[in-house]
Each structure stands twice: as structure tokens, then as C-alpha cells.
Amino acid sequence: MAIKRLFFCFVFCLLGACVINAQEEALVQNAVLEGVQLSADTSSSKQGEMVVSCYFIFMDKPSSYFYEVRKRTKQLVFEFNDTKMGTSAINSIQQAPIEGFTVEKKTVDINKTVRGLKPEWHSQVVVTFSLSAIPILNITEQYGVVSFNYKWNSDPSKMASYMEKDNSKKVMYWTGGGVLAAGAGVAAYLVFGPKKQPEQTGPLPDNDLPNHPSLQ
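Rules behind the numbers
Numbering of residues starts from 1 in each chain and follows the order in which that chain's sequence is written. Predicted model: local features are reported for residues with pLDDT of at least 70 only, side-chain atom pairs are reported and counted for 80 or more only, and whole-chain, interface and lining totals are derived from all residues. Just so you know, side-chain values use all the structure's heavy atoms and leave hydrogens and water out. DSSP calls a pair of strands paired once it identifies at least 2 bridges connecting them. In this text, helices come from DSSP runs of H or I with a minimum length of four residues, and strands from runs of E with a minimum of two, each type numbered from the N-terminal end. An axis is simply a line fitted to the C-alpha atoms; with a helix, the fit covers only the stretch in contact. Between two such axes, the angle follows the N-to-C directions and lies from 0 to 180 degrees. Three labels apply to residues, based on accessible area from a 1.4 Å probe with only protein chains included: buried if under 20% of the type maximum, exposed if over 50%, partly exposed otherwise in between. Each patch groups residues whose relative accessible area exceeds 30% and which form no salt bridge, using 9 Å between like charges and 5 Å between nonpolar side chains of Val, Leu, Ile, Met, Phe, Trp and Tyr. Exposure was quantified through the Shrake-Rupley algorithm and a 1.4 Å probe, taking into account, for residues, occlusion by the shown protein chains and nothing else. Salt bridge, as applied in this entry: a Lys or Arg side-chain nitrogen positioned within 4 Å of an Asp or Glu carboxyl oxygen. Only heavy atoms matter for contacts: two residues are in contact if any of them lie within 4.5 Å across the pair.

Let's talk about the sheet that holds strand 1 (residues 31–41)
Then comes step 1: The strand order 5-1-2-9-8 describes an open sheet built from five strands, whose pairing is mixed. Two strands bound the open sheet, and with one partner strand each, they are strand 5 (83–85) and strand 8 (138–142). Across the sheet, the mean angle from the axis of one strand to that of its neighbour is 30°, orientation sign disregarded.
Then comes step 2: As defined by bridge partners, strand 8 adjoins strand 9 (residues 145–153) across five bridges and the pair is classed as antiparallel. Bridging across to strand 9, Ile139 finds its partner in Phe148.

Take a look at the structure:
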């Protein structure tokens, strides 16, 4: 009889855990990366100059994302969190100085760096651009659309003026709102969303204090 009770307790706990996990997963709405679009505008008045634009096409919006310029390996890397890949293949495209890109799906534990916390798994899509040179990038987010653009020139003698000259590592994080500059050591904190800071308050009001008559 005791064994039977233990069996039913085990089944009940197992079902409860499944329901809790299903509820937790339901709270996370994964975005879907449907495509990566590259285009070049050559209408500039400067000879050989063009403006290259890249758009990430999503269904829904990633919970957070960041980009990193890896100057040593000449790579531009975007990571989109709580994101999956669509059913259609995303083909690599070349547009100078972009030599092509790869799209990779991952599953990451955002609690990995915090000892003692239960693993919390999230879907992630990583897009890595291979570059022949690092252009001066302008990366924006408007109405949930992530894009970047840069100017480039096909004349080799003029390329130097279109290339990034800062040798410091650049990492920019988005958490659904403003843009933050940060080091890689705080990636987990920033990428998956810091807690909202409490609003600043002024001096406490004194108009609700009891009114005591002055001592004579």
C-alpha cells in the first residue's frame, strides 16, 4: 500500500513539474528570423561611393539583442535572444566589404554564470558577417526593425576614408529600449535585460505632518 502511495505521489509531482515547465515556456514568445536583406544605393554624387543597408526581417520582436565588432578577425556578430530561425533557408549574400554571412541557432542558459541558480534555457540566433575591412557602421533600431548601414567606395585609393580607425573593441547592447555601451564581462546581465531602476524621488512632502501648537 505504501509503495502504491509513493508511486501516485511520484506521478503527481511529475505532472506538476511538466505543467510548471509548460507555463514557463509559454511566457517566452520566440521571435522568428525570416531573412537578412542587403542592398546598395549608388546614387551618391561622389564617384564610386555607395550606401549599403542591411535589414533583419523578423516575425515578432526579439526580447533583446546585441552586436559586436571583432576587429582582429574582421567579423560583425549579431545575437538575437528568444529567437528562432524560420522554415526557409537564409542564403549568404556578398556586398563589399561584406564577404558573406552565416546564421546559427543556439540554446543558451542565461543563469550559467550565476552559481547555484537553476538553468534557464533560451533560444538564440547568431548572425556572423565576414568582412574584408571594417566600415564605419551605423546600427539602428526603429519600430522593432534592426538594421545597419555604412558608406563604401569601390575605388581602392579612397577606401581608407571609409574604414573604421578606432582600434578599441566595440560592443553595443539593446534591451528593448535605449542603447548601452558595455564590456563583454556583463553580457549576460545586459543582453537578457537588467531590472528597471527605481525612479528618482525628491524630498518627502511635509504637508501631511500633524500640526502641533507651539509651546508658550
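Next comes the rest of the description.
Some words on unusual backbone geometry
Then comes step 1: The omega torsion of the bond from Ala96 to Pro97 falls at 0°, within 30 degrees of zero and hence cis.
Then comes step 2: Structurally, Pro97 can be placed in the loop between strand 5 and strand 6 (98–109).
Then comes step 3: With a phi angle near 55°, Lys74 is a residue other than glycine that sits in the positive phi range.
Then comes step 4: Mapping Lys74 onto the fold places it in the loop between strand 3 (64–70) and strand 4 (75–81).
Then comes step 5: Taking the relative accessible area as the measure of exposure, Lys74 reaches 38% and is therefore partly exposed.

Quick word on a nonpolar patch on the surface
Then comes step 1: Together, Tyr55, Ile57 and Val145 make up an exposed nonpolar region whose accessible area comes to about 230 Å².
Then comes step 2: By the element assignment, Val145 lies in strand 9.

Examining the environment of Val146
Then comes step 1: Mapped onto the fold, Val146 is located in strand 9.
Then comes step 2: Setting aside its immediate chain neighbours within four residues, Val146 contacts Cys54, Tyr55, Phe56, Tyr65, Phe78, Phe80 and Thr140.

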